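A closer look at the structure
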Amino acid sequence: MRLIYVFDAYCGWSYGFARTMADVAHRHPDLPVEVVSGGLFLGGRRVPIRQFGYVQGANAEITRQTGAPFGESYERLIADGEFVMDSEAAARGMAALREVAPDRAVRLAALLQEAFYLDGLSLSEVSTYRMVARRAGLDEDAVEAALDGVPAAADFQRARELGVTGYPTLLADDGEQVVTLVAGNASADEVERRIGALVP
């Protein structure tokens, strides 16, 4: 069996779920995890963040339910309202990080979200990926080079094929069927019980 984690780096609920996802991966080092980027902010949704009036209220609920903190730099970005979230750039960056260290994709996804939600950094900037690579102990130049060669479309297509329309979504694939373990928020213990129900 393997796990498939579909998230969007600009999705606050995915950010809130990162700790659970890390716990699940830690509890099951034997289960490979495929990390797939979704496309939450594409096309007409690539607009200044102030147009999403629900963001601050949603963030407060994310913190209440998951304990995930939001950094001062991010809060300033939200207050300014001009920033545009671009899921295509974020997916391309995640793919570059994943290409350099595929076995660390869960941790890299979390670091990428911390760069935005704690440090208020754009996921469209090469410097952000160099910083994430540095924090992860990866070769910064290798990650930057990978940015030029990886498309986001493959991830978006993979998410569509899996039927995922919301983030985060955690799936289990036993080779015969794909089962949804989480669609939204859940604790690591809840995920553990759901995984246990699938294992004979």
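Heads up: the structure comes first, above all this text.
Because the structure is a prediction, the values reported are computed rather than measured.

1. Points about the overall build of the protein chain
Along the backbone of the protein chain there are nine helices and four strands. If you list the helices and strands of the protein chain from N to C, you get β-α-β-α-α-α-α-α-α-α-β-β-α. Relative to a compact globule of 200 residues, whose C-alpha radius of gyration would be 16 Å, the protein chain shows 16 Å and is just as compact. Taking the principal axes of its C-alpha atoms as reference, the protein chain extends roughly 50 × 40 × 30 Å. Burial analysis of the protein chain (200 residues in total) assigns 50% to the buried set. Long-range contacts, defined here as pairs at least 24 residues apart, represent 74% of the contacts in the protein chain between residues at least 6 apart.

2. Looking at helix H3 (residues 72–80)
Buried within H3 are the following residues: Tyr-74, Leu-77 and Ile-78. Down the axis of H3, the buried side of the element spans an arc of 95°, and every buried residue falls inside it. Seen from the open side of H3, the exposed residues pointing more than 90 degrees away from its buried face are Glu-72, Arg-76, Ala-79 and Asp-80. At the exit of H3 stands Gly-81, carrying a positive phi of roughly 85°.

3. A short note on the pattern of salt bridges
The full count for this structure, using the stated rule, is 16 salt bridges. The salt bridge partner of Arg-2 is Asp-173, with a shortest N-O separation of 3.3 Å. With Arg-2 in strand S1 (residues 2–7) and Asp-173 in strand S3 (residues 169–173), the pair connects residues that are 171 residues apart, well separated along the chain. Residue classification places Arg-2 among the partly exposed residues on the basis of a relative accessible area of 28%. Linking Arg-27 and Asp-189 is a salt bridge whose minimum nitrogen-to-oxygen distance equals 2.9 Å. Of the two residues, Arg-27 sits in helix H1 (residues 12–27) while Asp-189 sits in helix H9 (residues 188–198), which places them 162 residues apart along the sequence. Residue Asp-189 is classed as partly exposed on the basis of its relative accessible area, which comes to 43%.

4. Considerations on the sheet that holds S3
Taken in spatial order, the four strands make up an open sheet running S2-S1-S3-S4, and their pairing is mixed. Looking at the sheet topology across the chains shown, the edges are occupied by strand S2 (33–37) and strand S4 (178–183). Ignoring which end each strand starts from, the neighbouring axes of this sheet average 20° apart. Relative to S3, S1 is paired through five bridges, and the arrangement is antiparallel. Note that in S3 the partner of Ile-4 across the bridge is Leu-171. Sheet contacts for helix H4 (residues 87–100): S1 and S2; angle to S2, the most-contacted strand, approximately 155°. Packed onto the sheet, helix H5 (residues 105–117) meets S1 and S2 and runs at close to 35° relative to S2.

Analysis parameters
Along each chain, numbering runs from 1 in the same order as the chain's sequence is written. Local features in this predicted model are restricted to residues whose pLDDT is 70 or higher, and side-chain atom pairs enter the listing and the counts only when it is 80 or higher, whereas totals over whole chains, interfaces and linings include all residues. To get the side-chain values, all heavy atoms of the structure are used, and hydrogens and water are removed first. Counting from the N terminus, the helices are DSSP H or I runs at least four residues long and the strands are E runs at least two residues long. Computation of the radius of gyration draws on C-alpha atoms, with the globule rule given as 2.2 Å multiplied by the number of residues to the power 0.38. Burial status follows relative accessibility: with a 1.4 Å probe on protein chains alone, a residue under 20% of its type maximum counts as buried, one over 50% as exposed, and anything between as partly exposed. Contacts are residue-level and defined by heavy atoms, with any inter-residue pair within 4.5 Å sufficient. Our arc is simply the arc of the directions from the helix axis toward the C-beta atoms. Only one rule defines a salt bridge in this text: a Lys or Arg side-chain nitrogen within 4 Å of an Asp or Glu carboxyl oxygen. At least two bridges found by DSSP between two strands are what make those strands a pair. Each axis is a line fitted through C-alpha atoms, and for a helix only the stretch in contact is used; angles between axes span 0 to 180 degrees, taken between their N-to-C directions.

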